[in-house]
Structure formats: structure tokens, C-alpha cells
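Structural overview for review
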Amino acid sequence: MTEEELKKFPQHRFGQAFTTLKCDCPSYLLWLEKRLKENGNQVYARRIEDLWELHSKYDIVINCSGIGSRELMGDLEIHPVRGQVLKVDAPWVNHFIRDGDGLTYIYPGIHNVTLGGTRQKDNWSLSADPRSSKDIFDRCCALEPSLQRAQDIKVRVGLRPSRFAVRLQKEILVHDGKKLPVVHNYGHGSGGFSVHRGTAKEAARLVGECIAALEGSSLKAKL
């Protein structure tokens, strides 16, 4: 940042300014679902207690259950990192601001401005914490004082499915002599959008390997 730009942030000695992309994830997810359906795929909403429930209908399962893999797969390496943000109406805010280690941020979006945030490891609470809300608002107002005029303040809470590394691998589950190929793709933490295309392509490649293996075993059975 130039000296003139830094005058807006007297508590900081240096900074960076750049142009980048920002995704409105709720809208993006709806668009992805629409594309899936337009390509002939079907979407069902149901609770799964065990992947073997799917064995009778599906040859291969792709496990993208996120934090749910802790119970579904018994993966104790995945844990929640609780995030709380504020969604406010402040249409005059046109530039994003991110402070220090990224705990405090102001992200303008299509419908509102996101103020953040928290990063609370192993906290499973989905209830809004008023003290955190005040802390977030005060921190963001210190960066952008005009936010004091923000209206229609809403609180959002979510659990980031965090892991020491994304689990992206094949696994063959075996039960009573039956096999179920599974491709795991979960544990993206707060970087899900940033890396989702790359991990999805790799997951698709692994699915291709599973299909080839199934076709090969089918040919052997016929022989």
C-alpha cells in the first residue's frame, strides 16, 4: 500500500492492496446443484448412519461428509473450528479489508457485507455468542469506522471441518465378503472454496480408477 492508502489505517505500518476474486458461496452452491440436475444427476436429502446403507444401490460412494466423517468414518482427526460472523447492510463498503492473521475481516458481497470473525478450535456450539458479536463489530469498526452506520445486522455461526490435511484417497470397505469402493474428499477447513476444484478433479480421477477396477473384475468374472 502507498503512504496515502496507509493513512486510513494509522495503527498499521505496512499493508498490501490487490484485486482478487470473491465468491458468494450460498449462490455458488445453488448454481452447482442446478448444473448437476441439468446434467441428469439426481439429488436426495437423507441421513446416513453407515456407508453400507448405500451398497445395494450404488457401486461407488464419494464421501464428502465433512465434519460428519468423525461419526460416519470414526475419523477422530477431523474436528470443528467454530466460526461466527456478522452479515450487515453497508452498501457503501466496496473494498475488502483483512487484518493481520485474518481473524478480523470485512468482505463486501452481493447481498451484504460479512464481518468476521472467530476461529475456535474444538468448539461445537452453533449458538450465537453476543460477546463474540460485539468483539467482531468493534474490531471491524476500528478498521472501517463507517460500519457504525451499518444496519440489519445478522449473526451466522458455522463449523469448519478441519483436519491436519484434507483426506483425499480411495478406500475399499469390506463387510461379510462384500466390497464397497469409497473415495474420501473432506477436511478442507476454511479453505474449501479455494481448493475445491482441485480436490474435486482428483476425487474424480480416483473414481475413474475405481470404475476401471470394477470393470476389470467384471471381465475376470465372465472369463
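Further up the page is the structure itself.
Residues numbered from 1 in each chain as written. Predicted model: local features only at pLDDT ≥ 70, side-chain atom pairs only at ≥ 80, totals over all residues. Heavy atoms only, no water.

**Digging into the nonpolar core**
Ranked by size, the top nonpolar core spans 16 residues in total, and within it Val88, Ala90, Ile106, Val113, Leu115 and Leu147 carry the most contacts. For this core, the secondary structure elements donating two or more residues are strand E2 (79–89), strand E5 (113–116) and helix H4 (130–143). The element best represented in this core is H4, accounting for five residues. Not counting residues up to four positions away in its chain, the partners in contact with Ala90 are Val113, Leu147 and Ala150. Of all hydrophobic cores here, the second largest spans seven residues; its members include Leu51, Leu54, Val61 and Val182. (Core = buried A, V, L, I, M, F, W, Y, C linked by side-chain atoms within 4.5 Å. Buried < 20%, exposed > 50% of the residue type's maximum accessible area, 1.4 Å probe, protein only. Helix = DSSP H or I, 4+ residues; strand = E, 2+ residues; numbered from the N terminus. Contact = heavy atoms within 4.5 Å.)

**A short note on the packing of aromatic side chains**
Each aromatic ring pair is described using two quantities: the centre-to-centre distance and the angle formed by the ring planes. The final tally for this structure, using the stated rule, is five aromatic pairs. Measuring from centroid to centroid gives 5.9 Å for Tyr28 and Trp31, while their planes differ by 25 degrees, and the two rings are stacked. Of this pair, Tyr28 and Trp31 both sit in helix H2 (residues 25–38), separated by three residues, roughly a single helical turn. Classification of Tyr28 by relative accessible area gives buried; the value is 18%. Take Trp31: its relative accessible area is 43%, and that puts it in the partly exposed class. Ring geometry for Tyr105 versus Tyr107: centroids 4.9 Å apart, planes at 20 degrees, classification stacked. Taken together, the ring pairs connect Phe18, Phe96, Tyr105 and Tyr107 into an aromatic cluster. When the ring centre of Trp92 is taken as reference, the NZ or CZ atom of Arg149 above it lies at 4.4 Å. (Phe/Tyr/Trp six-rings, centres within 6.5 Å; stacked < 30°, edge-to-face > 60°. Lys NZ or Arg CZ within 6 Å of the ring centre and 35° of its normal.)

**What about the pairing of E2?**
Among the 11 residues of E2, nine are classified as buried, and the element is accordingly described as predominantly covered. Where E2 meets strand E6 (residues 120–121), two bridges bridge the pair, whose relative direction is antiparallel. Bridge assignment links Val81 to a residue of E6, and that residue is Lys121. (Pairing = 2+ DSSP bridges.)

**Some details on H2**
Spanning 14 residues, H2 covers 20 Å between terminal C-alpha atoms, matching the ideal 20 Å at 1.5 Å per step. At the exit of H2 stands Gly40, carrying a positive phi of roughly 90 degrees. (Expected span 1.5 Å × (residues − 1).)

**Brief notes about unusual backbone geometry**
Leaving glycine out, the prevailing phi sign among residues is negative, and the prevailing peptide bond configuration is trans. Cis peptide bonds are those with omega within 30 degrees of zero, and the linkage from Gly116 to Gly117 qualifies with -5 degrees. The topology assignment puts Gly117 in the loop between E5 and E6. The backbone of Asp122 shows a phi angle near 60 degrees, a positive value even though the residue is not glycine. Its location among the elements puts Asp122 in the loop between E6 and H4. One non-glycine residue with positive phi stands out, namely Asp176, at about 55 degrees. When you line up the elements, Asp176 lands in the loop between strand E8 (167–175) and strand E9 (178–186).

**Focus: the sheet that holds strand E1 (residues 61–63)**
Read across the sheet, three strands follow the order E1-E9-E8 without closing on themselves; strand pairing throughout is mixed. At either end of the open sheet lies a strand with only one pairing partner, and these are E1 and E8. Pairwise comparison of adjacent strand axes, ignoring direction, gives a mean angle of 25 degrees for this sheet. In terms of strand pairing, E1 meets E9 through three bridges, oriented parallel. Paired with Asn63 across the two strands is His184, which belongs to E9. (Axes fitted to C-alpha atoms, helices over the stretch in contact; angles between N-to-C directions.)

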